[in-house]
Amino acid sequence: MTFGKQILYTATAAILGVYFLTAGLVKAKPFLAPLLTAVILALLVLPIARKLELWKVPRMASSLINTLLLFFVSVGFVALISIQIQSFVADWDKAKQKIMPEIEKLETYVYEKTPLGPEDIEKQQSEATGNMGKQALSFINGLYSFSGDYLLTFIYIFFLLNYRRKFRQFFVKLFRKENKRHVDEVLTQATKITQGYLYGKFILMIFLAIIYALGMAAFGVSNFIIISVLAALLSIIPYIGNIIGFLIAIGLGYIADGDTTALIGIVITFSVAQFIESYLFEPYVVGDNVNLDPFITILAVVAGNMIWGVIGMILSIPVLGIINVIFMHVKPLKPYSFLLGNSEVKQKSKNIGKDK
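The structure presented is a predicted model; accordingly, all values stated were derived computationally and were not measured.

What counts and what doesn't
Residues numbered from 1 in each chain as written. Predicted model: local features only at pLDDT ≥ 70, side-chain atom pairs only at ≥ 80, totals over all residues. Heavy atoms only, no water. Helix = DSSP H or I, 4+ residues; strand = E, 2+ residues; numbered from the N terminus. Buried < 20%, exposed > 50% of the residue type's maximum accessible area, 1.4 Å probe, protein only. Contact = heavy atoms within 4.5 Å. Areas by Shrake-Rupley, 256 points an atom, 1.4 Å probe, with all protein chains shown as cover. Salt bridge = Lys/Arg side-chain N within 4 Å of Asp/Glu carboxyl O. Axes fitted to C-alpha atoms, helices over the stretch in contact; angles between N-to-C directions. Parallel < 35°, antiparallel > 145°, perpendicular 65-115°, else oblique. Left-handed = near helix turned anticlockwise from the far one by under 90°. Core = buried A, V, L, I, M, F, W, Y, C linked by side-chain atoms within 4.5 Å.

Observations regarding the overall build of the protein
Within the protein one finds 15 helices and zero strands. When each of the 356 residues of the protein is scored for burial, the buried share is 31%. Considering only residue pairs separated by 6 or more positions, the protein has 72% of its internal contacts joining residues 24 or more positions apart. When the accessible area of the protein is evaluated, it comes to approximately 22700 Å², of which 70% is carbon and sulfur surface.

Below, the structure written as structure tokens:
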């Protein structure tokens, strides 16, 4: 076989492999997404479970306590957002009176500057009204599916925590005896990296929520609590989450208040928060736990969104961090670890070592 044909066959096999892998992941989302989410959350509370077991708490009880802890924390977030949404809906009539003149101005501008006319807008509105029943049915089905996955995730968390020793021994037994210590080291390092990243992100979200709330409250932005919580939660999605949070804040702030002061306050608050996050919180709170290249990180987030949607975007970074750890410890895969890793961070660490 000539060298050109070998390259062609290898490239074709790689493209087909990536295609079928992606298609398989899309089809397997109902099964894999709750399971993978449970694995990440179980790693988050693993130190608490270990601490309880050191205090002579039985493993089953420790696993149940940590599962309930995660469940009640998530329910608390949902309750907080629900209360704020109810408050927002209650004030909708006042907000509507503020923004209707602006909407009418926008419609007039669209009619004057574009080929669209009032009949086109009415046609779009009638089509949207006709599809309302389908949208409602789709929403109910989505809510039903989400509720099932939500409860199933916590069931998985309990069993992962309770039988974690068995799962760890299973992975170790897959390899030869002389490689068992190396495999155990990989599992330990992957666990520490994931925990460090998740803890850092959790603390970062709390800081951001406080900064957002204080800033928008100072500028008199209505419903600043729900805006702050949503924007802080979205920050778990690297790069893209902050942009989405900012756009949601602009939209909700303008709908609720309808004046430029609220918009200016939101812009200033988010600008200051992003500066503090990038130069203070991110380096010292999150640090370089996953040590991934920024470009690869963006690609992973985009791919996660295409495959699994929002949950794929959230899980993409910790999963890619675990994959990178595996690549670092498998000799034939080390070039891929070099591609995924942040070479600038590694160079800085080497320079620090030399300075010492």
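Now that the structure has been shown, the text picks up again.
Examining the pattern of salt bridges
Within the structure shown, the criterion is met by three salt bridges. A salt bridge links Arg 59 to Glu 53; the nearest nitrogen and oxygen atoms lie 3.2 Å apart. Residue class for Glu 53 comes out buried when judged on its relative accessible area of 18%. Through salt bridges with shared partners, one network takes in Glu 53, Arg 59 and Arg 164.

Quick notes on unusual backbone geometry
The phi torsion at Lys 56 lies on the positive side, around 70 degrees, for a residue other than glycine. Positionally, Lys 56 belongs in the loop between helix 2 (29-54) and helix 3 (59-90).

Digging into the packing of helix 12 (residues 294-308) against helix 13 (residues 310-329)
A pair of packed helices can be characterised by two numbers: the angle between their axes and the separation between those axes. Their axes nearest at 7 Å, the elements helix 12 and helix 13 cross at an angle of 140 degrees. Overall, the two elements helix 12 and helix 13 adopt an arrangement that is oblique. Between helix 12 and helix 13 lies a crossing of right-handed hand. On the side of helix 12, the interface is formed by Ile 296, Thr 297, Ala 300, Val 301, Gly 304, Asn 305 and Trp 308, while helix 13 contributes Val 310, Ile 311, Gly 312, Met 313, Leu 315, Ser 316, Ile 317 and Leu 320.

Concerning the nonpolar core
Counting 30 residues, the largest nonpolar core has Leu 70, Ile 157, Leu 161, Ile 237, Leu 320 and Leu 340 as its most contacted members. Among the secondary structure elements, those contributing two or more residues to this core are helix 2, helix 6 (132-162), helix 8 (180-218), helix 12 and helix 13. No other element matches helix 2, which puts eight residues into this core. When near neighbours in sequence (up to four residues on either side) are disregarded, Leu 340 contacts Asn 291, Leu 292, Asp 293, Ile 296, Leu 320, Asn 324 and Phe 327. Membership of the second largest hydrophobic core comes to 17 residues, among which are Ile 81, Leu 208, Ile 227 and Ala 231.

As for the environment of Phe 224
When you line up the elements, Phe 224 lands in helix 9 (residues 224-234). Here Phe 224 falls in the partly exposed class, since its relative accessible area comes to 27%. Remark: the alpha-carbon pair of Phe 224 and Gly 253, spanning 29 residues in sequence, is separated by 8.0 Å.

Shape is all these values report; function is a separate question.
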